[in-house]
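# Fold and contact review
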Amino acid sequence: MKAIRRLTVRPVLPDPLRPLSDLARNLRWSWHPETRDLFQSVDPECWTASGRDPVRLLGTVRPARLAELAEDRSFLRRLTAAADDLDHYMTGDRWYQAQPGRLPAAVAYFSPEFGITAALPQYSGGLGILAGDHLKAASDLGVPLVGVGLLYRHGYFRQSLSRDGWQQEHYPVLDPHELPLAPLKEADGTPAHVALALPGGRELRARVWLAQVGRVPLLLLDSDIEENDPGERGVTDRLYGGGSEHRLLQEMLLGIGGVRAVRTYCRLTGHAAPEVFHTNEGHAGFLGLERIAELCDEGLEFGAALEAVRAGTVFTTHTPVPAGIDRFDRELVARHFGPDSELPRIDVERVLRLGMETYPGGEPNLFNMAVMGLRLAQRANGVSLLHGGVSRGMFAGLWPGFDADEVPITSVTNGVHAPTWVAPEVFRLGARQIGVQRAEDALAVGGSDRWDSVADIPDQDIWELRRTLRAQLVDEVRERLRASWRQRGAGAAELGWIDDVLDPDVLTIGFARRVPSYKRLTLMLRDRERLTELLLHPERPVQIVVAGKAHPADDGGKRLVQELVRFADDPRVRHRIVFLPDYGMAMAQKLYPGCDIWLNNPLRPLEACGTSGMKAALNGCLNLSVLDGWWDEWYQPDFGWAIPTADGIGTDPDRRDAMEANALYDLLEQRITPRFYERGASGLPDRWLEMVRRTLSLLGPKVLAGRMVREYVERLYTPAAEAHRAMDRDSARGLAEWKARVRAAWPGVSVDHVETSAATASAELGTTLVLRVRVKLGDLAPEDVEVQAVSGRVDSEDRITDAAKVPLKPVGGPDLEGRWAYEGPLALDRTGPFGYTVRVLPAHRLLASGVETGLVAVPSGDLVAAGGPVMR
């Protein structure tokens, strides 16, 4: 019989065990081994059956066992120690509290997904895992962050395979009462809600749930409540599901509702109000509109409110391809804003202008969430050095007249939360060298350029560690593979062969990630006979573990999965290559440490960062990757291998795949497998172990989320907080009025005359010329602009590269024609072809850079032609 209603019955813990509830409800247990060990000792069988989830564990353990533990002095001492440790962690000063200067009182961090733990399945891939690692690292550092997201009742889909290898999706229903969450409550005990106005007088209401991620509160908005109509209840049904309007409502709830949830949380708890709002991808971009509306309600004009909001906003873009950005029809967005819908006091046209693609190459009828995110943020970044450059080119249309390298998008390379991803065995080996506390600080906070203590670990210990981790992965793979084949319809009698799948002494390659086409899941299958020879080599075999989910609507991705699965089903090779369905955090935490090689072969430069290889590296796994994302930035031959790419313009895609697959096979055959199986005088693979040692000691400190969050604090959050404080009401009004005046007057700004003291088209290195310029400023004054000399080497088309920019100074007043004279030095500090130009930019003390307004005046074509040849 089927129940007509479901409810959650919570256990009543004996008084001595009450701290277990606090430990279970704070997700720090997900990265704190001692707390997990404590929960495992409550009931090892229930711990495994609960999926290592303390909340579920406490809901299933027998009352008799709880009563027994309440009398167990040894267990109670461990419980007291764990509770005291959590209290110290939550209240003591950490890295952030020791920093000089006036740091942000709080930062609100918005993301559509968060990967904290498998027990809270609210993530689909790298974006969510990165967001979860960001929160955990902020907690470890003591950064006063508030996370904001949505609570998806179906989470992301669970993946299984049909008998013929086709991906199948399942959407389990999640009960918030069975998750490590607590409802945010008003002072009178009623659940806290936020509401959005919808067209036609309807309303979208959402309850606010709280997940405590160490020191960081994570607010999750849930629309599946009785006060909503069925359509509105389904807004937060699943991650990245539904059509355009469904996605728009999700993003309005995340951005607008999220700000309202933050305000509610601060009101109820006394938490400091955020000075900085960080938008992790464009999905949460509407948060800027809500903050503008707040200021407009306080009497500020829209333009001034926009400037005030921009000053304290940081926007991070994660996609290197336009197709990865959410875009909506103009009419759909317009229908959801204005007098009869949300933000009724803001003119709909103002809302639309923030997101419309009104630039060359854009589609003017589409509302672009990333474009809005950039227009509403004074500071923006990509997630690796290479991706920062790709992003500047991708969004250069928003800053016409400027070279792509001047587009104001910087980069902060992603990192990973080492306490989450480092295997306990790896941590114990490090702690044995330097002590537990120093090892914890090294992984969580970082700060050093190298971990020199790794050099003191004997080769034998490293090799034994690597084999132990590989053996654990073999056991995990066999267990998961058996479960997968049972789901595919196989009987137990058919599955004896699984006992021989993989070998703990064979070189193991891992490949696990989402399955969009650009990540090229099946590149390894390009030459199947050659791959088979690698797998079955009599002296130097390899084995491969593959996992990944295709988007439910991506049949092309599903075909790639099926192609890989069918190859792995072949009895000739199925003991050497496996596909594991339902890739998620729990699988990943076994997979990364157990691999010797982490493979990544995207189409360069379409991988924004790609953090899976970072997690593998922290466990002593070497990377084998295309030079894309973070690997392009930090690759050294000591850390692994770079797959040569054929990404030149005009390369046929099929030929490119063939060339890069061939390069992959060559590396495996000629360089990687010989090094792994080659033994030195000690009987160990000395050269391989040296690469493992260098990966841990030199690459390890770079890939930490602690390093990443420190960079955000120092380079983005603190400047944004300072700009926010400087933007009081009068300053915001003044800046808005100044921008309006400058934009209106800019057509009257021009460069009329340029001359130098050079008499010829050549000069000696070290010479300093005098540059004289006359400019028309129209209705502007010299204090409204900066006149710059821009100089550097020039290419064959006289484009300046690696430009140096020097401000010129006004000399006297305007002449009879209203032109202003400027002068300054022009240093010839580089040999070879050298060129210069002059430009005029708006200048104001509250601008983050002169490029911010997108306005620039440069010499006309006639003036350039009259300027003579560049210096050779």
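Structure report, in brief. Because the structure is a prediction, the values reported are computed rather than measured.

## Looking at the pairing of strand β18 (residues 542–547)
Burial analysis of β18 places 6 of its 6 residues in the buried class, the great majority of the element. Along β18, one buried face is formed by V542, I544 and V546 and the opposite face, lined by Q543, V545 and A547, is buried too. Bridge analysis of strand β17 (residues 507–512) against β18 gives 6 bridges, and the strand direction is parallel. Along β18, the bridge assignment pairs L507 with V542. In this region the chain leaves β17, passes through helix α20 (residues 528–535) and returns to the parallel neighbour β18; the handedness of that crossover is right-handed. For the segment spanning β18, helix α21 (residues 555–568) and strand β19 (residues 577–580), crossover handedness is right-handed.

## Things to note about the side chain of R310
Mapped onto the secondary structure, R310 falls in helix α11 (residues 302–311). Not counting the four nearest positions on each side in its chain, R310 is found in contact with R375, L376, A377, Q378, K739 and E852.

## A short note on the pattern of salt bridges
Per the stated rule, a full pass over the model turns up 67 salt bridges. D657 is the partner of R520 in a salt bridge, and the nearest nitrogen-oxygen pair spans 2.7 Å. Of this pair, R520 sits in the loop between β17 and α20 while D657 sits in helix α25 (residues 653–677), and the two are 137 residues apart along the sequence. Using a relative accessible area of 6% as the deciding quantity, one classes R520 as buried. By relative accessible area, which is 21% here, D657 ends up partly exposed. Here K739 ties to E852 by a salt bridge, and the two come within 3.3 Å at their closest N and O atoms. Taken as a pair, K739 in helix α28 (residues 729–745) and E852 in the loop between β29 (834–842) and α29 (861–866) lie far apart in primary sequence, 113 residues in all. For K739, a relative accessible area of 5% translates into the label buried. E852 gets classed as buried once you look at its relative accessible area, which sits at 11%. One connected set of salt bridges, linked through shared partners, spans D459, D638, E690, R693 and R694.

## Section: the sheet that holds strand β20 (residues 597–600)
With parallel pairing, the 6 strands of this open sheet are ordered in space as β19-β18-β17-β20-β21-β22. Here the strands that pair on one side only, and so sit at the sheet edges, are β19 and β22 (640–643). Adjacent strand axes in the sheet meet at a mean angle of 20 degrees, parallel and antiparallel pairs treated alike. Packed onto the sheet, helix α26 (residues 686–699) meets β17, β20, β21 (622–626) and β22 and runs at close to 80 degrees relative to β21.

## Quick notes on empty space enclosed by the protein
Overall, the coordinates contain 6 cavities of 30 Å³ or more when judged by the stated rule. Computed from the structure, the largest cavity encloses a volume of approximately 80 Å³. Lining of the largest cavity is provided by 13 residues; of these, L481, W485, A568, D569 and F579 occupy positions nearest its centre. If you list the elements that add at least two residues to the lining of the largest cavity, you get α19 (459–487), α21 and β19. Of the residues that constitute the lining of the largest cavity, the class distribution is 9 nonpolar, 1 polar and 3 charged.

Parameters and conventions
- Residue numbering note: each chain is counted from 1, following its sequence as written.
- Totals for whole chains, interfaces and linings use all residues, but because this is a predicted model, local features are given only for residues with pLDDT of at least 70 and pairs of side-chain atoms are given and counted only at 80 or more.
- Processing note: side-chain calculations cover all non-hydrogen atoms of the structure and skip hydrogens and water entirely.
- The buried label applies to any residue whose accessible area, calculated with a 1.4 Å probe on protein chains only, is under 20% of its type's maximum; exposed applies above 50%, and partly exposed to all values in between.
- The helix and strand labels rest on DSSP assignments: H or I over at least four residues marks a helix, E over at least two residues marks a strand, and numbering proceeds from the N terminus.
- Strands are labelled as partners when DSSP assigns at least two bridges between them.
- By convention, a crossover is right-handed whenever its connection, traced from the first strand over the helix to the second and viewed with the strands pointing away, goes clockwise.
- For this analysis, residues touch if any pair of their heavy atoms sits within 4.5 Å.
- We count a salt bridge whenever a side-chain nitrogen from Lys or Arg sits within 4 Å of a carboxyl oxygen from Asp or Glu.
- For every element, the axis is a line fit to its C-alpha atoms; helices are fit only across the contacting stretch, and the angle between N-to-C directions ranges from 0 to 180 degrees.
- Only protein atoms enter the 1 Å grid, on which a cavity is a set of points fitting a 1.4 Å probe that cannot get out and a pocket is an open set with protein on both sides within 12 Å along at least 5 of 7 lines, lining residues being those with an atom within 4 Å of a point.
- Grid points are joined across faces, edges and corners, and a volume is the space filled by probe spheres set on the points.
- Only Asp, Glu, Lys and Arg are considered charged in this grouping, and only Ala, Val, Leu, Ile, Met, Phe, Trp, Tyr, Cys and Pro are considered nonpolar; every other residue, Gly among them, is considered polar.

Shape is all these values report; function is a separate question.
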